[in-house]
Each structure stands twice: as structure tokens, then as C-alpha cells.
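Below are the chains, spelled out letter by letter.
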Amino acid sequence: MAKNLVIVESPTKAKTIKKFLGKNYEVIASEGHVRDLPKSSMGIDKENDFEPHYITIRGKGDLVSTLKKAVKRSDVIYLATDPDREGEAISYHLSVALKLEDKKYKRITFNEITKGAVKESIKNARQIDMDLVDAQQARRVVDRLVGYEISPLLWEKLGKKSLSAGRVQSVALKMISDREKEIDEFIPSEYWTIDADLKVPGQKKPVSFALKKEVSDGKEAQEIKSKLDSADFIVKDIKTSTRTKKAPVPFTTSTLQQTAASRINFATSKTMRVAQQLYEGVEIKGQGTVGLITYLRTDSTRVSDEADRNVREYIRNTFGAEYEAEDGSAQNADSGKKIQDAHEAIRPTDVSRTPAAIKSSLTAEQYKLYKLIYERFVASRMKPAVYSIYAVCVEAAGEGLRAATSTLSFAGYQNIYSTEEDKSKDNANLSGIEKGDKLVCEEVHAKQHFTEPPAHYTEALLVKTMEDNGIGRPSTYAPTISTLLNRRYITKEQKNLYITELGQAVNGIMETAFPEIIDIEFTANMESLLDSIGDGNVEWKVVVRNFYPDLENEIKHASENLEKIKIADETTDEVCEECGANMVIKYGAYGKFLACPNFPNCRNTKPYFERIGVNCPKCGSDIVKRNTKKGRPFYGCINYPECDFMSWNKLSQKVCPKCGKYMVYKGKKLVCSENECGYSESVEEE
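Below: a short report on this structure. On a predicted model such as this, the values are computed, not experimentally measured, just so you know. Counting starts from 1 at the beginning of each chain's written sequence and moves along it residue by residue. Local features in this predicted model are restricted to residues of pLDDT 70 or higher, and side-chain atom pairs are both shown and tallied only at a pLDDT of 80 or more, whereas totals for entire chains, interfaces and linings draw on every residue. The side-chain figures draw on all heavy atoms in the structure; neither hydrogens nor water molecules are used.

**Describing the packing of helix 6 (residues 167-184) against helix 15 (residues 477-486)**
Angular values range over 0 to 180 degrees, each being the angle between N-to-C directions of two axes fitted as lines to C-alpha atoms, with helices fitted over their stretch in contact. For helices the rule is a DSSP run of H or I covering at least 4 residues; for strands it is a run of E covering at least 2, with both sets numbered from the N terminus onward. Where helix 6 meets helix 15, the axes come as close as 10 Å, and the angle between the chain directions of the two elements is 70°. As far as their axial angle goes, helix 15 and helix 6 are roughly perpendicular. Judged by the twist between their axes, the crossing of helix 6 over helix 15 is right-handed. Contacts between helix 6 and helix 15 involve Val168, Gln169, Ala172, Leu173 and Ile176 on the former and, on the latter, Thr480, Thr483 and Leu484. Residue classes in the contact of helix 6 with helix 15 are distributed as 5 nonpolar, 3 polar and no charged. When an angle is under 35 degrees it counts as roughly parallel; over 145 it counts as roughly antiparallel; between 65 and 115 it counts as roughly perpendicular; any other value is oblique. Should the near helix be turned anticlockwise from the far one by less than a right angle, the crossing is left-handed, and should it be turned clockwise, the crossing is right-handed. Contacts are residue-level and defined by heavy atoms, with any inter-residue pair within 4.5 Å sufficient. Asp, Glu, Lys and Arg are counted as charged, while Ala, Val, Leu, Ile, Met, Phe, Trp, Tyr, Cys and Pro are counted as nonpolar; the rest, among them Gly, fall into the polar class.

**What to know about a positive patch on the surface**
On the surface, Lys19, Lys115, Lys119 and Lys123 cluster together into a patch of positive charge. For the positive patch, the leading source of residues is helix 4 (residues 115-123), giving 3 residues. Mapped onto the elements, lysine 115 comes out in helix 4. For lysine 115, a relative accessible area of 47% puts it in the partly exposed group. Every patch collects residues that have over 30% relative accessible area and no salt bridge, joining them within 9 Å if they carry like charges and within 5 Å if they are nonpolar side chains (Val, Leu, Ile, Met, Phe, Trp, Tyr). Surface exposure here means Shrake-Rupley accessible area, sampled with a 1.4 Å probe, where a residue is shielded only by the protein chains that are shown. Put simply, a salt bridge is a Lys or Arg side-chain nitrogen that is within 4 Å of an Asp or Glu carboxyl oxygen. Under this rule, positive means Lys or Arg and negative means Asp or Glu; His and the chain ends count for nothing. Here the site of a charge means atom NZ of a Lys, CZ of an Arg, CG of an Asp or CD of a Glu. Summary of the burial criterion: residues with accessible area below 20% of their type's maximum are buried, those above 50% are exposed, and those between are partly exposed, where the area comes from a 1.4 Å probe applied to protein chains only.

**Structural notes on the pairing of strand 8 (residues 104-107)**
Walk down a regular strand and you will see the side chains alternate between the two sheet faces. Relative to strand 8, strand 7 (residues 76-79) is paired through 4 bridges, and the arrangement is parallel. By the bridge assignment for strand 8, leucine 79 is matched with arginine 107. With respect to chirality, the unit in which strand 7 leads through helix 3 (residues 85-97) into the neighbouring parallel strand 8 is right-handed. In this description, strands pair whenever DSSP reports at least two bridges between them. The handedness of a crossover follows from its direction of travel: if, with the strands pointing away from the viewer, the path from the first strand over the helix to the second runs clockwise, the crossover is right-handed.

**Side note on helix 14 (residues 459-468)**
Buried residues dominate helix 14, accounting for 7 of its 10 residues. Taken together, the buried positions of helix 14 are occupied by Glu459, Ala460, Leu462, Val463, Thr465, Met466 and Glu467. In the core, the buried residues of helix 14 are packed alongside helix 6, helix 8 (253-263), helix 9 (268-280), helix 15, strand 18 (490-493) and strand 19 (496-499).

**Points about the pattern of salt bridges**
For the structure shown, the criterion picks out 43 salt bridges. A salt bridge links lysine 270 to glutamate 365; the shortest N-O distance between them is 3.2 Å. Of the two residues, lysine 270 is situated in helix 9 and glutamate 365 in helix 13 (residues 364-379); the sequence distance between them amounts to 95 residues. With relative accessibility at 24%, the residue lysine 270 sits in the partly exposed group. For glutamate 365, a relative accessible area of 26% gives the class partly exposed. Where arginine 353 meets aspartate 350, a salt bridge forms, and the shortest distance between an N and an O atom there is 3.9 Å.

**A word on the sheet that holds strand 7**
The 4 strands are arranged 2-1-7-8 in an open sheet whose pairing can be described as parallel. Each having just a single partner strand, strand 2 (25-29) and strand 8 make up the two edges of the open sheet. The sheet shows a mean angle of 20° between the axes of neighbouring strands, taken without regard to direction. Along the sheet, helix 2 (residues 61-72) makes contact with strand 1 (4-8), strand 2 and strand 7, crossing strand 2 at roughly 165°.

**Looking at unusual backbone geometry**
Residue proline 600 is reached from phenylalanine 599 by a cis peptide bond, and omega for that bond is 10°. Here proline 600 lies in the loop between strand 22 (591-595) and strand 23 (605-607). Phi at glutamate 31 takes a positive value of approximately 55°, unusual for a residue other than glycine. Its location among the elements puts glutamate 31 in the loop between strand 2 and strand 3 (35-36). Positive phi outside glycine occurs at arginine 488, with the angle close to 65°. If you trace the backbone, arginine 488 turns up in the loop between helix 15 and strand 18.

**Some remarks on the environment of alanine 403**
In this structure, alanine 403 sits in strand 15 (residues 399-410). Using a relative accessible area of 6% as the deciding quantity, one classes alanine 403 as buried. Along the primary structure alanine 403 and valine 303 are separated by 100 residues, whereas in three dimensions their C-alpha atoms are 42 Å apart. Ignoring anything within four residues of it in the chain, the contact list for alanine 403 reads Val207, Ser208, Phe209, Tyr390, Ala391, Val392 and Leu430.

**Describing the sheet that holds strand 9 (residues 190-198)**
Strand order in the open sheet formed by 7 strands is 16-11-14-15-10-9-17, and the pairing between neighbours is antiparallel. Edge positions in the open sheet fall to strand 16 (438-439) and strand 17 (441-450), since each of these has one partner strand only. Across the sheet, helix 7 (residues 218-229) is in contact with strand 9, strand 10 (207-211), strand 11 (233-245), strand 14 (385-396), strand 15 and strand 17; its angle to strand 9 comes to roughly 10°.

**Some thoughts on helix 2**
The span one expects for a helix is its residue count, reduced by one, times 1.5 Å. The terminal C-alpha atoms of helix 2, which comprises 12 residues, lie 17 Å apart, in line with the 16 Å expected from a rise of 1.5 Å per residue. Every buried residue belonging to helix 2 is among Leu63, Val64, Leu67, Ala70 and Val71, and all of these are buried. All buried residues of helix 2 fall inside an arc of 120° around its axis, so they share one side. Looking at helix 2, the residues exposed on the side facing more than 90 degrees away from the buried face are Asp62, Lys69 and Lys72. Working definition: the arc comes from the directions between the helix axis and the C-beta atoms, pointing outward to the latter.

**Quick look at the environment of isoleucine 108**
Mapped onto the elements of the fold, isoleucine 108 is located in the loop between strand 8 and helix 4. In sequence terms isoleucine 108 and lysine 119 are 11 residues apart; their C-alpha atoms lie 9.8 Å from each other. Filtering out sequence-adjacent residues up to four positions away, isoleucine 108 remains in contact with Tyr78, Leu79, Ala80, Thr81, Ser121, Ile122 and Ala125.

This is how it looks when you write it as C-alpha cells:
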């Protein structure tokens, strides 16, 4: 019998697949890439048409030798790496590193690690798709050119060699920086809501009816309230209607990351780590090692016909035929955007394997994520939820007010998958009201509100925005955010992402010197070009040839300007206690700090406090610029922790002429720190 060798990426995947194949198959893991560009140098010959120079990854020599021995004793080699560009590239590099050109080797892919899928892939073995390999290669080369040519400029500018610039990470950093600037410069606008508590027949408590029109100032609000206080409230119209809420589509990578963040509090990196475990295989009691979900890197919501049939049968047997969606076309439809690699959506490999049935075999994290994926998939093939809407409009003193109740009349998909906002609220029953009724008013409320600034980015919101703008691909979202966090360009506090002082400095250089690299439209266009390479429509070196001259010009221009504006360490009045020298300002992982200029002979350092020339509104001491433990800048009292005053916005020496409170800078405006006051004036920052 012929001896077959199957090469996969991970040992867990190898263990799962080995179970499905007979004794004539040997399964070995490559543990990811075995060849890559060198870390110590660019590895790209720009003079020779950007030819990449790949080497065996350090530490992989023994593994490559083991694989070569396995190749020698095999008649057929199957390269079974992941079904995407990266997986295709790993297979290609394995074929080169193991010198398979004289051997019989084939490429196999499967969207799920099940016995049927693996055996079917062997029947449909193919050649390596060089278009997909070239798409990955183009991404790698472009990213290497950006990173290895821009990063040294950051080192020179900020004096810190751990800094880096990346094509996608720099755009993501700019997005976070722009959002923080937008929040910092946001000035609240005043608005008012007016509600009347009206007695409704059959209800113990009064029902709140809201004024239909918008009210922007307190004077108008009080005038309307005064009219309503003495007015008759007459029912003018009653409308009944229904509203349907469609079932959600199955998960893609980005929607899984977003939903896992909001519903089970998983960071994007954690979601991908746990999903990888579920995909590669988990030991299930009585079943052995089983791949529980389909491939986790996808931007498609497509589902196979077989999986669709199976889940519909499950719905009919579990919930009843009335809950099965009539047509799966809507749930199967993609948005019309470019879908990479035609993967399926993320779904359970076997719908009969319910979360409850295998809970004892899963870790708590695995169970939470599998349950989320399972319930979302089942819900996607169920009918919409239907709500009955009962709306009552009343008129008083020429003003219109409205109250409405929403009642769930058919749960549909919500029988298995619902959110907090889907759950029925304690609605009043308005059915006792008839047109022409006069309702008694108990009280009228006029409430002042202020508009809120845009929300800070969370990991989930950043992933959604990146996807909406065509930045990155399913495999890049989590690594991009992890890189920004690890470099301390951003910090995460209570799910929100904030740019650090170090991140602001890096983004400032990128905006000044490399505006095209961090342009969202440019980055999205590059992703489209990479897709075109993968489709076989564009030659990969054409993309690199067209990209590099602009980058080279920006590098040259930036190098000249950076040399002219290179900043020496700023000397301060702080004296080093150990040697008497005036200490200088340095950049560290957490921002600025004071260091002795006589390093390494003197290694004294201390925190740097940047005084802004404003006294603390609470105790009168100096206000200084500080950083949180995670690197987010703020303004606080120098006497902390004895005085706990702090502000996210820079304070001004000027006090509010209207209420006497301290004022803060928001962009080109000086704003009172008390929202209720609302005073602001245009001014250049001092």
C-alpha cells in the first residue's frame, strides 16, 4: 500500500485529522510557516524587481529535517494547511523547503475538520494556487517595505528602537487618534424633552406621553410646559401595526469578534484563540477529538446546502415547522462587497452537537463561544420575530404627544438567540383608550439634556469600522489591535481604547511625513488590489512596482525634514540628586520621564511632571500633565494622591465669566467645565 503524508499547521489539527485517516496516512504539523523573510534585514532585493529572499525560520531547522525524512518514506504528500491565502503560502513554502518538485504532492483544503470534509478534500486534491500565494506575497512585501523603511525614522525621531510602523496598524492608530480628537473637541449642545404623565383606563400607574417635536432651549421648554400644565389632553389618533425583526445572518470573523466582545466580554485576540481551538478539535467524551466549528477566518455568510438542510430539520424537530424560515436566500446573501476566498460562514460542524450535550467536555471559554456560534447559526434559519405596535397620539394646547407599546407576538428566532434590547419591557396596556377620550394629566416634566460625544473605540467597534472601510481582512483585525496594545501606542480601560502619549507622537510623525500610508482610502484600495492578485487579474510585482516609488519619495522627503527638525533631549531645571547634572526629558514606554544626561555613568531617573501654569481648582497647587498606569494622558494635581483632582482636557487660567468654574480647551474653543452652564468662546490655545 502507498504511504501518504499529510502536513498541517498545528499538532492539535494533526491529532484530529489522524483519527479520520487510516494507517497508510502519516500526519505531521509544520507549526505554521517554515520559511519567511529574515528579521535582521529587509530581505527584499529592490534592485532586482523586489525579489524576496526567504530563509528557513530560526529554530525550525530540526522540524524541516523531520519533515524531509517523512517525505522520503512517502509516495504522496498532501499539503493540508488552512484554506486561505496564508495557508496557501505556507503550503507553497513547504513545497520549496522540502524540495517536493520531484515528488507527487497535492494541495487539499477543507472548511471544517470532520471525517467527511477531510476525505472529500483528498478526492478533490489540486495544485497549489499560485495566485493566492502571490496575493499573500504581495501583502508581505508591501508591509515589509513600509515597516522596515519607516520604523528607523521613528527610532531617529523619538529615540526609541522598539517603535514600529505598519501599513494597517498605522491606519488603525490614526482612526483611534482622530476619534480621541473628536471627543476632546466635542462641545455639548443643549436640548429638552417634555413628557406628560397621563392616567390611562385600566392602568394603576400613569403612562408617559412624549412631546413629538424637538425643543432646543429652556425658555421654549418652560413655555410649552406652562401651556400643558393647564391644557386638556384629547386622544386624536390610535394606530395598530406590526413590526418584524429579521433573524441575524451567521457569523463572519468580524461579527463574531464584535458579538463576543459585547455579549461574553472576550477581547478580539481571546475570541480568535478560543475559536482556533474549536476549529482544530476538542476531545469530546465518547467521540474522540472533534472539530466543532468551521474555519474561523472568513468574511462570507454563505452556508453549504447540506448544513442548511440539517439545521432546518433540527428547527422543525425542536421548535416546530412554523419556526423554519421559508427561504434561506436572505440569510445566505452576502452584502455585495468583495468576499475573500469564498469560505462559508462560521458555524457548528454538526448541528446535532448542541452546546448542552458537550458542555462537560469544554472549558468555560470554549462553551461560551461555541454556544454563541451555535445559537446564531440556528437562529439564521428561523423566521423573523414579530411585534405588535399600539400607538396613541394626543393633542394638548396645540402640541402633539405620543405613547406606544410594543409586544412580542411571535418569538421566531428569538426562541434561541436574542439580545437585551429584544427582550420585552414592562409595557403599559393602552388598549383601554378610545379616540376622542379626554385623559387626565398628573404631571408635566421638562428635562434638560446635553448631546453626548462620539463613543470611544472599543475593540469591537474598531473591528467593525475597519471592516466597513475595507481596511485589513479577517486574519488581520486581532493582530493589528494586539500590536498597537503591545507597542503601548494605545491602552484599553474598561473596554475603551485610548491613544497614549507615545501613540500620539508616532501618529503625528506618520500624519506629517507619510499621509498616504495612513490614508483610509489608499489602504482600502491596496486591499482591493491584493484581492485582484488572488483572483489572477493582476501580477503581484506590478502592484509593488506602482506602490514603492511614492513610498520612496516620502521616505526621502521625510528623512531630510527629520534631520532638520531632530530634537535633542530637552534640559530641565530638575537637578539629579546623585551627580548634580540638570536632568533631561526622555521618552519611555509609558511616555516622558526625567533621566540623568550622564548615563550610563549615572542611571538616575524620576517621573516627569509637565506643569501647565494653572492652579488646581480644588487645592490651589500646580496642575501637571500625567499619564494613567496604561499610558493615557490626563491633567491632575501635583499633590496626588492627597488631592484627587483630574481632567481629561487641558485647563485654562481663565475662569468662566458666567458661573466662575474653571474652563478647559476643546479644539479651538474654551469651554466651561460645567455642562449645565454651556458657556464657550473661540480662542487659540495659550
